[in-house]
Amino acid sequence: MSVLVNKNSKIVVQGFTGKEGSFHAEQMIAYGTNVVGGVTPGKGGTTHLDRPVFNTVADAVKTAGANVSIIFVPPAFAADGIMEAADAGIELIVCITEGIPVQDMVKAKNYLVGRKARLIGPNCPGVITTDEAKVGIMPGFIFKKGTVGIVSKSGTLTYEAADQVAKAGLGVTTAIGIGGDPIIGTTTKEAVELLMNDPETKGIVMIGEIGGGMEAEAARWIKANGTKPVVGFIAGQTAPPGRRMGHAGAIVGGADDTAAAKMKIMRECGITVVDSPADIGKTMAKVLNK
Amino acid sequence: MNLHEYQAKALLQKFDVPVQEGVACTTVEEAVNAYYEISKATNSKFAVVKAQIHAGGRGKGKIKGTEQRGVQVAKSADDVKTIATNLLGGTLITIQTGEHGKVVNKIFVAKDAYYSGPSETKEFYLSILLDRAKGENVVMYSTEGGMDIEEVAHNTPEKIFKEWVQPGAPLAAFQARKIAFNLGLSGDAFKSCVKFVSNLYKAYVDLDCAMLEINPLFKTADDKIIAVDCKMNIDDSALMRHPDVEALRDFAEEDATEVEAGKFNLNFVKLDGNVGCMVNGAGLAMATMDMIKLSGGEPANFLDVGGTANATTVEAGFRIILRDKNVKAILVNIFGGIVRCDRVAQGVVDAYKNIGEINIPIIVRLQGTNAEAAKDLIEKSGLKVESAIQLEEAAALVKKAVS
């Protein structure tokens, strides 16, 4: 068992022949991920990295049976790429692209309503199921097989958590990087719910940051439905209000989306919240060994 | 990206959104000429002089060291001369600028909107922004105009109305009518309001605004609806398709160091602490700031070097952080995934040697690909650089440096 992706997932890479797409597709293949081809409009019929190139996602679905797509398309065209994948019947769309205009994402997110596709991201490191499939840009070697699921808005903090979890003698089932943009496809709560329902996952690391109300929503859901221990961390306890901290979505807008407010709600909902990002791994080990 | 009131109003006029018109001036002479022009056009001796800075609360704000407000009414050319002389070059301090205030380089000489007429004037509030939870744009409005809207929302939430707009569609006609009815308008003012909000929503979407606020939204004594003030913030990610708007960027309003950092693709935000940091990834950068605080220091900055931490970017980062004389130590925290740690380490060593004298402790934490080789490289470099692999070790080193 695993969540979202596994060794049977058939992955198509949108923006396959570009610099980013090529580099990361090669890394994904080296990890053992089942990449069945890529899409670059106008280059259909050729091959790249020993895989077929298609003109459209629909062709990749029809010919290669793709059911998961990963998007490396530049920001101006990425929302269109999301809609194309959803229209083609892709079940899971992972959008890595950073810097998509917000109004484009308003339209793309709305386009997904009533379609079967689930979107992860954009502006995220992707999804990895340890030793099965890496659909993202994370360094594969830091993920050791284990029983901890990770949900995170941040890329490098996902790596930090995976590394600490491994150092604490544990490992990772699936890590989901949900992305740091104001509008993303899969929320913290939805990602936590997926891991909560995964029999292999015994504990969950939930990493959030300032801005928005997704952590509070997830915390309330966990309080009502949680069956496994959750360790939480919120980045940006020292961030000044009104300033954007790197991620487009990381801005304190009011009293409710500060790190302190989120941490308080999470603690009230039974989540073990750590103050320091250095304590994620050992705290997970402690709560799992109780 | 933030725009000045006069810039935002000019953009709105292209969308047929009526505004309180005026002329942007950089000298006293221009301001006086603008006044003559305006008083001739309006046939009135009244005009308003408004300081143009990127911060709210200008009307109540004062020029440093004086009792001069940032927005003032003039009744004569002499008034304009005096006000312009007082405002231009002065430092305006408002509730949003902080104690440092902002230098006034431009003033907007505008027509008086509060002239008398057959009906009573009224001030409303209206803004358009993104509702992150719903993934939809929302028009937020209130009969309580000209006030701090957060206070209104807190004290009298029933006075705040919201209309969510179907993605990809214009503001529906029924919604525009609903807004005008809820604001208590009728007759010509009602019609004027319907047209105003429909056009305003189109401007918000077409210009890729991240936030558009009209406060006050104003009903004149002859039943026209106009924007007396306007705050416009453009989505940075969308500037690529608005080169004309991007050209309006006022670098004088931004922190010079942050602008320079941007040239190196470094994402930098200046803070007031004593420990600088340089990190890859926004989330880890914020977490590193938090860790500095927990170790007894205060973060001096947010700095995300992104996916490419090489000698050039590291050197630029060091130089920018070192400019702040309050900085007593620098923590470099890189989680090397795709980036190899030994390369980053080499970059740190090269940058250090290029800069020459660095008199404060540098702590370098490199974890991930080739972390051991990186630690080795740093330790054998002979430089006054402490290295760590685990985040905990880095925290302990920061503690040592600030105590």
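In the block above lies the structure referred to throughout.
What you see is a predicted model; the values in this text were computed from it and never measured. (Residues numbered from 1 in each chain as written. Chains lettered and ligands numbered in written order. Predicted model: local features only at pLDDT ≥ 70, side-chain atom pairs only at ≥ 80, totals over all residues. Heavy atoms only, no water.)

Visitor: Explain the sheet that holds strand β3 (residues 62–63) of chain B to me, using residue names and the numbers behind them.
Guide: In sheet architecture, strand pairing relies on hydrogen bonds along the backbone and comes in two forms, parallel and antiparallel. Residues and elements named next belong to chain B. Taken together, the 3 strands give an open sheet; going across it, the order is β3-β5-β6, and neighbouring strands pair in antiparallel fashion. This sheet does not close on itself; its edge strands, each paired only once, are β3 and β6 (102–103). Looking at chain direction, strand β5 (residues 91–93) and β6 are connected through 2 bridges and run antiparallel. Following the sheet pairing, Leu-92 is matched in β6 by Lys-102. (Pairing = 2+ DSSP bridges. Helix = DSSP H or I, 4+ residues; strand = E, 2+ residues; numbered from the N terminus.)

Visitor: Could you give an account of the interface of chain B and chain A, with specific residues and numbers?
Guide: Taken together, the contact pairs 46 residues of chain B with 54 residues of chain A. When the two sides are added together, the surface that chain B and chain A hide from each other amounts to roughly 3800 Å², 62% of it contributed by carbon and sulfur. It is B:Arg132, B:Met286 and B:Phe335 that lose the most area in chain B upon contact with chain A, and together they represent 18% of the buried surface on that side. Across the chain B-chain A interface, the total number found is 3 salt bridges. The salt bridge partner of B:Arg365 is A:Glu160, with a shortest N-O separation of 2.8 Å. Put simply, chain B and chain A have 11 residue pairs in polar contact (both at pLDDT 80 or more) between them. Going through the elements one at a time, α6 (187–206), β14 (267–270), α9 (282–294), β18 (362–368) and α13 (391–402) of chain B are the ones with two or more residues in the side of chain B that touches chain A. At 10 residues, α9(B) tops the list of elements feeding residues into the side of chain B that touches chain A. By residue class, the composition of the side of chain B that touches chain A is 21 nonpolar, 14 polar and 11 charged. (Contact = heavy atoms within 4.5 Å. Buried area = accessible area lost by both parts, 1.4 Å probe. Salt bridge = Lys/Arg side-chain N within 4 Å of Asp/Glu carboxyl O. Polar contact = N/O pair within 3.5 Å; in protein donor to acceptor, adjacent residues only side chain to side chain. Nonpolar A, V, L, I, M, F, W, Y, C, P; charged D, E, K, R; others polar.)

Visitor: A description of the packing of helix α11 (residues 341–355) of chain B against helix α12 (residues 371–380) of chain B should follow, citing residues and the corresponding values.
Guide: Residues and elements named next belong to chain B. Axis separation between α11 and α12 bottoms out at 7 Å; the angle between their running directions is 20°. The orientation of α11 relative to α12 falls into the category roughly parallel. For the crossing formed where α11 meets α12, the hand is right-handed. Judged by residue contacts, Cys-341, Asp-342, Ala-345, Gln-346, Val-348 and Val-349 of α11 engage Ala-371, Ala-373, Ala-374, Leu-377 and Ile-378 from α12. Residues that form the contact of α11 with α12 fall into these classes: 9 nonpolar, 1 polar and 1 charged. (Axes fitted to C-alpha atoms, helices over the stretch in contact; angles between N-to-C directions. Parallel < 35°, antiparallel > 145°, perpendicular 65-115°, else oblique. Left-handed = near helix turned anticlockwise from the far one by under 90°.)

Visitor: Can you break down the pattern of salt bridges residue by residue, with the values?
Guide: What the rule picks out here adds up to 35 salt bridges over all chains. Note that A:Glu215 is salt-bridged to A:Lys262, the shortest N-O span being 2.5 Å. Linking A:Glu215 in helix α7 (residues 214–225) with A:Lys262 in helix α8 (residues 259–268), this pair joins segments that are 47 residues apart in sequence. Taking the shortest distance from any N to any O, the salt bridge between B:Glu392 and A:Lys282 comes out at 2.5 Å. In this pair, B:Glu392 is assigned in helix α13 and A:Lys282 in helix α9 (residues 280–288), connecting two distinct chains. A relative accessible area of 44% means that B:Glu392 is categorised as partly exposed. Judged by relative accessible area, which is 41%, A:Lys282 ranks as partly exposed. (Buried < 20%, exposed > 50% of the residue type's maximum accessible area, 1.4 Å probe, protein only.)

Visitor: Could you give me a rundown of the sheet that holds strand β1 (residues 22–25) of chain B, with the residues and numbers involved?
Guide: All names here are of chain B. Across the sheet, which stays open at both edges, the 4 strands sit in the order β1-β7-β2-β4 with antiparallel pairing between neighbours. Edge positions in the sheet fall to β1 and β4 (71–74), since each of these pairs with one other strand and no more. Strand-to-strand twist across the sheet, computed as the mean angle between neighbouring axes with direction ignored, equals 20°. The pairing of strand β2 (residues 47–52) with β4 spans 4 bridges and is antiparallel. Bridging across to β4, Val-49 finds its partner in Gln-72.

Visitor: Before we move on, could you go through the pairing of strand β1 (residues 11–14) of chain A and cite the residues and values that matter?
Guide: Residue and element names in this part refer to chain A. The alternating pattern of β1 places Ile-11 and Val-13 and Val-12 and Gln-14 on opposite faces, both of which are buried. Of the strand pairs in this sheet, β1 and strand β5 (residues 68–71) are connected by 4 bridges, and their pairing is parallel. In the strand pairing of β5, Val-13 is matched with Ile-70. Relative to strand β2 (residues 35–39), β1 runs parallel, the two being bridged by 4 bridges. Opposite Ile-11, over in β2, you have Val-35 as the bridge partner. A crossover links β1 with its parallel partner β2, the connecting element being helix α1 (residues 19–31), and its sense is right-handed. (Right-handed = clockwise from strand over helix to strand, strands pointing away.)

Visitor: Describe the nonpolar core, and please don't skip the residues or the numbers.
Guide: In this structure, A:Ile70, A:Val94, A:Val205 and A:Met245 are the most contacted members of the largest nonpolar core, which totals 97 residues. Among the elements that take part in this core, α9(B) stands out by supplying 8 residues, more than any other. Those residues within four positions of A:Met245 in sequence are excluded, and the remaining contacts are A:Ile210, A:Ala239, A:Pro240, A:Ala250, B:Val269, B:Ala282, B:Met286, B:Met289 and B:Phe302. Formed by 70 residues, the second largest nonpolar core is a distinct cluster that contains A:Val57, A:Met105, B:Phe15 and B:Tyr201. (Core = buried A, V, L, I, M, F, W, Y, C linked by side-chain atoms within 4.5 Å.)

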